[in-house]
Amino acid sequence: MIIDTHCHLNTTEFDVDLHDVIMRANTNGVEKIICIGMYKEANLKALDIIERYDQVYATIGIHPSYVSESYDETLFIEQLKQKKVVAIGEIGIDLYWVKDNLDLQIELFKKQLDLSLKLNLPVIIHLRNSAQEIYDVLKTYQGLKGVMHCFSEDIIWAQKFMDLGFYIGIGGPVTFKKNLVTKTLVKEMPLDRLLVETDSPYLAPSPHRGKRNEPAYTKLVVEEIAALRGLTSEEIALITTENAHRLFNFGGNK
Ligand code: NI
């Protein structure tokens, strides 16, 4: 059994056939799905989905691209205390789309990191063109736990984040033929820090590249990692599922 540790079932891309998508994940061995929050409306939608589907869990957070949204910490804490909310995220710094608001992004990022320590919840980190900036923030904290989601930097950066206690999330891009950076990372990194994800509806793995991604395709990510490591898919599924349980503690005591 596999866990898709990062997907956005709460986007309009899944409005029409959400039920079928979740069932298809099931038949492809995906036993749990974590639906990731990004902004106020998406957070609410994630909370609605976890009410309806036992196998779906949620995270709540404000993504750096939504830095201008109002940040209501009281509401946030209330949402984060719900039993099936397993992490804060996704949060971080994104210097791909907008570069001139770094201070605001860091401020929002830190507020949510503080909250993760206060509530003892892991964080889902979004990193884009911002490895150094994120590292500089994270290293000022102690006791954080979380995952660097859909990690696309090299093994040297991965090691630095693992040294801070973080897991590395690997998704569809590892299946892309020319993506030697991620293939090398997956070959060399310790398996006990590896999580699998899809980031659906984005970043579909081969042979679905460019189309809508969905949690069922986590299986393709697991197969690729297994091939790279010379292990079976079952072994990779088992290891990454254990890792996910260790980090997210699904429905356990908060
Ligand atoms: Ni995402």
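To keep things clear, this report deals only with the structure shown in the data block. (Residues numbered from 1 in each chain as written. Predicted model: local features only at pLDDT ≥ 70, side-chain atom pairs only at ≥ 80, totals over all residues. Heavy atoms only, no water.)

## A few points about helix α3 (residues 73-80)
Piece 1. Of all the residues in α3, the buried ones are F76, I77, Q79 and L80. For α3, the buried positions fall inside an angular range of 160 degrees around the axis, keeping them on one side. Counted as exposed and oriented over 90 degrees from the buried face of α3: T74 and E78.
Piece 2. Turning to α3, the residues buried within the fold contact α2 (40-52), β3 (56-60), β4 (85-94) and α4 (102-119).
Piece 3. The opening residue of α3 is D72, an N-cap whose side-chain oxygen sits 3.3 Å from the backbone nitrogen of T74. (Buried < 20%, exposed > 50% of the residue type's maximum accessible area, 1.4 Å probe, protein only. Helix = DSSP H or I, 4+ residues; strand = E, 2+ residues; numbered from the N terminus. Arc of directions from axis to C-beta. Contact = heavy atoms within 4.5 Å. Polar contact = N/O pair within 3.5 Å; in protein donor to acceptor, adjacent residues only side chain to side chain.)

## Here's the deal with the coordination of the nickel ion
Piece 1. Taken together, the protein ligands of the nickel ion are H6 (NE2), H8 (NE2), E90 (OE) and D199 (OD), with distances of 2.1 to 2.4 Å.
Piece 2. In the primary sequence, the donor residues of the nickel ion line up as H-x1-H-x81-E-x108-D. With H8 in the loop between β1 (2-7) and α1 (18-27) and D199 in the loop between β8 (194-196) and α8 (218-229), this residue pair connects regions lying 191 residues apart in the sequence. Of the two residues, H8 and D199, both sit in the buried class. (Donors = N, O, S within 2.8 Å, 3.2 Å for Na, K, Ca; no water.)

## A look at helix α6 (residues 155-163)
Side chains of residues three or four places apart in an α-helix project in the same direction, reflecting 3.6 residues per turn.
Piece 1. Every buried residue belonging to α6 is among W157, A158, F161 and M162, and all of these are buried. Down the axis, α6 shows its buried residues gathered within 140 degrees of arc, on one side only. Of the exposed residues in α6, those oriented more than 90 degrees away from the buried face are I156 and D163.
Piece 2. Two residues or fewer past α6, G165 is found with a positive phi of approximately 100 degrees.

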